[in-house]
Amino acid sequence: MDKFLGGSPGRVVLRLVFLSFAVGVIMSALNLYPLDLLEGVVDFVRELWRTGFEALGRVGEYFVLGAMVVVPVWVVLRLLSMGKR
């Protein structure tokens with residue numbers, strides 16, 4: 001179980017609680033909410049359907065927006081995993 005989770009269940013839960021709180025504070029400060037992001041995706045699909053593939057230019061914008069969250073989380077997770085070794 002420890003190998004699958006990447007540590008003891010207690011430590012993993014505490015890490016997830018801390019990271020969830022930190023990301024929640026940051027997203028709140030940036031006025032970003034999950035439902036708003038979901039609505040953005042729905043609006044993108046609706047706009048793509050309505051205007052055709054002209055809206056594909058927004059894919060890059062969505063890529064950058066997602067990378068702004070994913071890359072720092074990945075870096076933090078890698079740094080935390082380096083601390084264990």
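Quick note: structure is the one above.
What this report covers is the structure whose coordinates are included nearby. (Residues numbered from 1 in each chain as written. Predicted model: local features only at pLDDT ≥ 70, side-chain atom pairs only at ≥ 80, totals over all residues. Heavy atoms only, no water.)

Per the secondary structure count, the protein chain includes four helices and zero strands. Listing every helix and strand of the protein chain by position from the N terminus yields α-α-α-α. Counting across all 85 residues of the protein chain, residues that qualify as buried make up 8%. With an accessible surface of roughly 7,200 Å², the protein chain has 74% of that area assigned to carbon and sulfur atoms. (Helix = DSSP H or I, 4+ residues; strand = E, 2+ residues; numbered from the N terminus. Buried < 20%, exposed > 50% of the residue type's maximum accessible area, 1.4 Å probe, protein only. Areas by Shrake-Rupley, 256 points an atom, 1.4 Å probe, with all protein chains shown as cover.)

A few words on a nonpolar patch on the surface. Where nonpolar side chains cluster on the molecular surface, the patch consists of V23, L37, F63, V64, L65, M68, V69, V70, V73, V76, L77 and L80 and spans about 990 Å² of accessible area. With 10 residues, the top contributor of residues to the nonpolar patch is helix 4 (residues 58-84). Structurally, the position occupied by L37 is in helix 3 (residues 34-51). Accessibility expressed as a relative area gives 35% for L37, which makes it partly exposed. (Patch = residues over 30% accessible without salt bridge, like charges linked within 9 Å, V, L, I, M, F, W, Y side chains within 5 Å. Salt bridge = Lys/Arg side-chain N within 4 Å of Asp/Glu carboxyl O.)

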